[in-house]
Amino acid sequence: MADLFDYARQKYQKNKMPLAARMRPRTLDEFVGQEHIIGKGRLLRRSIEADQLSSIILWGAPGSGKTTLASIIANSTARHFATLNAVTDGIQKLRDVIDEARDQLGMYGKGTVLFIDEIHRWNRSQQDALLPVVEDGTVVLIGSTTENPFFSLVNPLLSRSRVFRFEPLNETDILELLQRALKDKERGYGNLLIEMNEDALRHLAHIADGDVRSALNALELAVTTTPPSKDGTVHIDIGIAQESIQKRVVRYDRGDDEHYDTASAFIKSMRGSDVDAALYWMAKMLHAGEDPRFIFRRMLILCCEDIGMADPNALVVVNSAAEAFERVGMPEGNYFLSYACIYCATAPKSNSAGAVFKAIAHIEEHGVGDVPTHLRDKTGQFSGKTQERYKEAMGEMGKYLYPHDYPSGWVEQQYLPEGMTPPEWYKPSDHGYEGEIRAAWRKRRGLE
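In short, a report on the structure. What you see is a predicted model; the values in this text were computed from it and never measured.

**Regarding the packing of aromatic side chains**
Scanning the model with the defined rule gives three aromatic pairs in all. Their ring planes at 75° and their centres at 6.4 Å tell us that Trp59 and Phe150 sit as a pair that is edge-to-face. You can see Trp59 sitting in strand E1 (residues 56-60) and its partner Phe150 sitting in helix H9 (residues 149-152), a full 91 residues away along the chain. The aromatic ring of Trp59 is capped on one face by Arg165, whose charged end is 4.2 Å from the ring centroid.

And the structure:
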């Protein structure tokens, strides 16, 4: 069957292939980046070098090296190597690959490594079809995905594979690969006279934002569309570089983990009272097209979860900003988002409102106690003789002490079930307004 990584075919087509494909590293020593998983002595590298690879999932942003690593494995393994693309290949193609893998094992005693690009695109039934052959060792799976596999892949498949997360390449890594392409005489532009300004090269590395494929595509466009001078030299300056690469694309998918990571950074920045960071992450979400209502919902939650009684007005302010946003809309609505964000980030913080979860946990563990008799309803919502019979049936209910009858508006009495020790789930901090609550709370308990 046709093999995406067939070296002979690549050699035949090398002059027609895009620069990014021609410059794809062929060995682990040529591979750049991902030192945390493919560096010298790392588990994945040792497994590849020993040709003892087990099923793996490669998860990371586009252009971070997932397919490149798969091609290196294809060129180095003694096993049969097959490829599928989950975007274009369905269950029938998978069955064909499985049949061939069984033939390879039965006739030649040769295992199969199966690379599936964009594996997250397959539905549950397609993924389930892989399980038996992965389980019995007929194939070793290499899955490539840009989406969080813990959300997009079925658990049985995850449990049979090891997940490796690829990080976006840094600018230094991309610069190294761009310079390699300029110097390489076999696959790159080493045979051409090219003068590329340092600032132009760095611009490509910077705007690529971790995607080396994007940087190499831009370099190719710059070289192939720039007319050479009289002496045959292609001069590439910052202007040409800027024209050759598109505006940086923000990696943000509302259904992907990048969405949750960014929202998490936004909340944690407000919780940490870092205004600039909170504005930065909010701006990223807005730039990527996030629904402002989602952002307001997160801030409303933070008002109670992280600001709480330290500033009770926070909830009022953010809710008012959200209502104002609905009346005004965008782009002026950005003012309300910014106003609410700045207010939340600069407000005093307290997480004491989470006390309810302690109470819920207590009830789940110990059950619910009876309401003290003096707190029970003495009327039963009845009138006349019916109310009298109700009181008679209820018997002596004890005297309820009405707090407003006392000078301070407070009187000590049992409000919890009889025999229950006050657990003090709510412990007011000394931050902001809650400091006043704390002082009154301590005074009533004779602590001050």
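**A word on unusual backbone geometry**
One non-glycine residue, Gln34, lies in the positive phi region at around 55°. Its place among the elements puts Gln34 in the loop between helix H2 (19-22) and helix H3 (35-38). Judged by relative accessible area, Gln34 falls into the buried class, the value being 6%. In this model, Ser273 sits at a positive phi of 65°, which is unusual for a non-glycine residue. Relative to the helices and strands, Ser273 is located in the loop between helix H15 (257-271) and helix H16 (275-287). On the accessibility criterion, Ser273 (39% relative accessible area) is partly exposed.

**Side note on the pairing of E1**
Across the five residues that make up E1, a large majority, five, are buried. Residues Ile56, Leu58 and Gly60 line one face of E1 and the alternating positions Ile57 and Trp59 line the opposite face, and both faces are buried. Both E1 and strand E4 (residues 139-145) contribute to a ladder of four bridges, which runs parallel. Its bridge partner lying in E4, Leu58 is registered against Ser144. Where E1 lies against strand E5 (residues 162-166), five bridges are found, and the strand directions are parallel.

**Description of the pattern of salt bridges**
Following the criterion strictly, the structure yields 17 salt bridges and no others. Linking Glu186 and Arg26 is a salt bridge whose minimum nitrogen-to-oxygen distance equals 3.7 Å. Residue Glu186 is located in the loop between helix H11 (171-183) and strand E6 (193-196), and its partner Arg26 is located in the loop between H2 and H3; the two are separated by 160 residues in the primary sequence. Given the relative accessible area of 45%, Glu186 is considered partly exposed. Note on Arg26: relative accessible area 27%, which makes it partly exposed.

**Re helix H20 (residues 355-366)**
Residues separated by three or four positions in an α-helix point in the same direction, a consequence of the helix having 3.6 residues per turn. Taking 1.5 Å per residue as the helical rise, H20 with its twelve residues ought to reach 16 Å, and the 17 Å between its terminal C-alpha atoms agrees with that figure. Following H20 by one or two positions, Gly367 adopts a phi angle in the positive range, close to 85°.

Reading guide: rules and limits
- Residues numbered from 1 in each chain as written.
- Predicted model: local features only at pLDDT ≥ 70, side-chain atom pairs only at ≥ 80, totals over all residues.
- Heavy atoms only, no water.
- Phe/Tyr/Trp six-rings, centres within 6.5 Å; stacked < 30°, edge-to-face > 60°.
- Helix = DSSP H or I, 4+ residues; strand = E, 2+ residues; numbered from the N terminus.
- Lys NZ or Arg CZ within 6 Å of the ring centre and 35° of its normal.
- Buried < 20%, exposed > 50% of the residue type's maximum accessible area, 1.4 Å probe, protein only.
- Pairing = 2+ DSSP bridges.
- Salt bridge = Lys/Arg side-chain N within 4 Å of Asp/Glu carboxyl O.
- Expected span 1.5 Å × (residues − 1).

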